[in-house]
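Here are the chains, one letter per residue:
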Amino acid sequence: MDSEGLFSKLLCLEEPWKIKEIRFDHNEKRVDITIDFPRGSKFPCPVCHESAGVHDTTERTWRHLNIFQYPTYVHARELRILCSEHGKKTVDMPWASRGSGFSLHFEAMIVEMCREMPPLAVSRMIGISDDSVWRILRHYVEEARKEQDISDISVPGVDEFSVEKHHVYATLFYDIRNSRIIHIEEGKESEVFLRFLQKNPFIDPKGIEHVSMDMDPSFISGAEKYIPDSQIVFDHFHVIKMMNDALDKIRRKEARENVILKGTRYTLFMNPDKLSEKQKEKLKDIRKLDLQVTHAYHFKESLQRLWSLRNEMVVDYLAKWISWARRSRMPEIIRLAKSMWRHMEGILEAIRSGISSGIVEGLKKQDPYRIQAVLWLQCPRI
Ligand SMILES: [Zn+2]
């Protein structure tokens, strides 16, 4: 195979496209590939696919993948055909998406690189502007979002999401039933709900049955104001998360004087059956102590039982737990109990409807690059 044939294959060229010239300029350190078609060639109309003659052409250049260390450019005549039925129509070039100055291979490389590093780093490495990298990313994320049908989100979950490295807070909206991310919005105030709906006009707020969240007042007021027909629920995952937060505050206070509590955050957070042998031993030792954290752990264990009870026992059990917790003399637990008292209806509704948003942790872990990409696109400051 000659070099023209090889490059035709590499660029996936089909008749009538042909490589006309490959030029390597040693001084300029670049490779230029010119592609063309013979006079009298016909191209399919992009609408009806009927073969039609060329009407006019415009010279254009696309940046392609480097050949070894040399930046490579593709030159060709972009063309319009004259269809007998549809008139003048621009034909898509097989190696590039419409309107882009980069070849598809080049864009694919940029998208892949952005999975591993921020767009600015990619732009510096490749030697193109970071605006161009953003444009490519935006194009592919928009394409992906077009394919995603988010019109039927009946049970979204809402969670705070912090990008600690950048000290930026964001709100993650996800689809609990289909376990996927729908949207990420910068900030965590109640107006994130408004912006979420404005940017996703296909979502009908009236079609949203339940919204699952923690008991953050700004989330609650946001949902009440902007999705007033939905019911707010606080499911197992969120209630236990709040319990763990209270537990951790107590642990940190006591860890100053009790070395045994250092580094035990996850030992106290995780389900005991998921702990390693070493962590299990540690938990056993902590439980023997007469510390507030030991009592708080007790409260957590008894709260956990709520989700394994038969439905008719749930209301009584929860009311008893709350009243017991309010007398705990631990301000963190009392605060949690008061909050649960105020939002008891939402906790019970989550149990009744079987909603559980535990998937959100998995979503954050499974799909970090996508989250990163969406964050970059929707929250440019990050
Ligand atoms: Zn046509």
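Owing to the predicted nature of the structure, the values given are computational and were not obtained by experimental measurement.

Chemist: Would you take a moment to explain the domain arrangement of the protein chain for this structure?
Modeler: Many structure descriptions define interface size as the accessible area lost when the parts assemble. Domain boundaries in the protein chain define domain 1 (3-144), domain 2 (156-234) and domain 3 (236-353). Using only C-alpha atoms to locate each centre, domain 2 and domain 3 end up separated by 26 Å. Each partner contributes to the interface: domain 2 provides 13 residues, whereas domain 3 provides 15 residues. A combined buried area of about 1000 Å² lies between domain 2 and domain 3, and 62% of that area is made up of carbon and sulfur atoms. Considering only the surface of domain 2 that becomes buried against domain 3, Met215, Gln231 and Phe234 emerge as the three largest contributors, covering 56% of it. Viewed at the interface, domain 3 and domain 2 are joined by 2 salt bridges. With its nearest N and O atoms 3.5 Å apart, the salt bridge here joins Lys241 to Asp159. For the side of domain 2 that touches domain 3, the secondary-structure elements that each account for two or more residues are β7 (156-163), β10 (210-212) and β11 (231-233). For the side of domain 2 that touches domain 3, the element with the most residues is β11, which contributes 3 residues. Counted by class, the side of domain 2 that touches domain 3 contains 8 nonpolar, 3 polar and 2 charged residues.

Chemist: Would you mind showing me how to read the coordination of the zinc ion here?
Modeler: Each angle at a metal carrying four tetrahedral donors should ideally be 109.5 degrees, and each at a metal carrying six octahedral donors should ideally be 90 or 180 degrees. Donor atoms from the polypeptide that coordinate the zinc ion comprise Cys45 (SG), Cys48 (SG), Cys83 (SG) and His86 (ND1), at 2.2 to 2.3 Å from the metal. For the zinc ion, the 4 donor atoms are set out with angles of 102 to 114 degrees between them, so the coordination reads as tetrahedral. Each donor residue of the zinc ion lies on the same chain, and together they follow the pattern C-x2-C-x34-C-x2-H. Linking Cys48 in the loop between β3 (42-44) and β4 (51-67) with His86 in the loop between β5 (70-83) and β6 (87-90), this pair joins segments that are 38 residues apart in sequence. Cys48 sits in the partly exposed class, given a relative accessible area of 25%. Residue classification places His86 among the partly exposed positions, given a relative accessible area of 28%.

Chemist: What's the story with unusual backbone geometry in this structure? I'm lost.
Modeler: Leave glycine aside and you will find that most residues have negative phi; peptide bonds, for their part, are mostly trans. Look at the link from Glu15 to Pro16: it is a cis peptide, with omega at 0 degrees. Among the structural elements, Pro16 can be located in the loop between α1 (3-10) and β1 (18-25). Here Arg329, not a glycine, exhibits a phi torsion of approximately 65 degrees, which is positive. Residue placement: Arg329 occurs in the loop between α11 (311-326) and α12 (331-342). Using a relative accessible area of 74% as the deciding quantity, one classes Arg329 as exposed.

Chemist: Where do I start with the nonpolar core in this structure?
Modeler: Core analysis: the largest hydrophobic core is formed by 55 residues, its most contacted members being Phe193, Met213, Trp321, Ile333 and Met340. At the level of secondary structure, the elements contributing two or more residues to this core comprise α5 (192-199), α6 (217-226), α7 (236-255), α9 (277-288), α10 (292-304), α11, α12 and α13 (344-353). The element that contributes the greatest number of residues to this core is α7, accounting for 8 residues. Mapping this core onto the domain boundaries places at least three of its residues in each of domain 2 (156-234) and domain 3 (236-353). Apart from the residues within four sequence positions on either side, Phe193 is in contact with Val158, Phe173, Val211, Met213, Phe219, Gly222, Ala223, Tyr226 and Ile227.

What counts and what doesn't
- Residues numbered from 1 in each chain as written.
- Predicted model: local features only at pLDDT ≥ 70, side-chain atom pairs only at ≥ 80, totals over all residues.
- Heavy atoms only, no water.
- Domains from an automatic or database assignment.
- Contact = heavy atoms within 4.5 Å.
- Buried area = accessible area lost by both parts, 1.4 Å probe.
- Salt bridge = Lys/Arg side-chain N within 4 Å of Asp/Glu carboxyl O.
- Helix = DSSP H or I, 4+ residues; strand = E, 2+ residues; numbered from the N terminus.
- Nonpolar A, V, L, I, M, F, W, Y, C, P; charged D, E, K, R; others polar.
- Donors = N, O, S within 2.8 Å, 3.2 Å for Na, K, Ca; no water.
- Tetrahedral: all angles 85-135°; square planar, octahedral: opposite > 155°, others 65-115°.
- Buried < 20%, exposed > 50% of the residue type's maximum accessible area, 1.4 Å probe, protein only.
- Core = buried A, V, L, I, M, F, W, Y, C linked by side-chain atoms within 4.5 Å.

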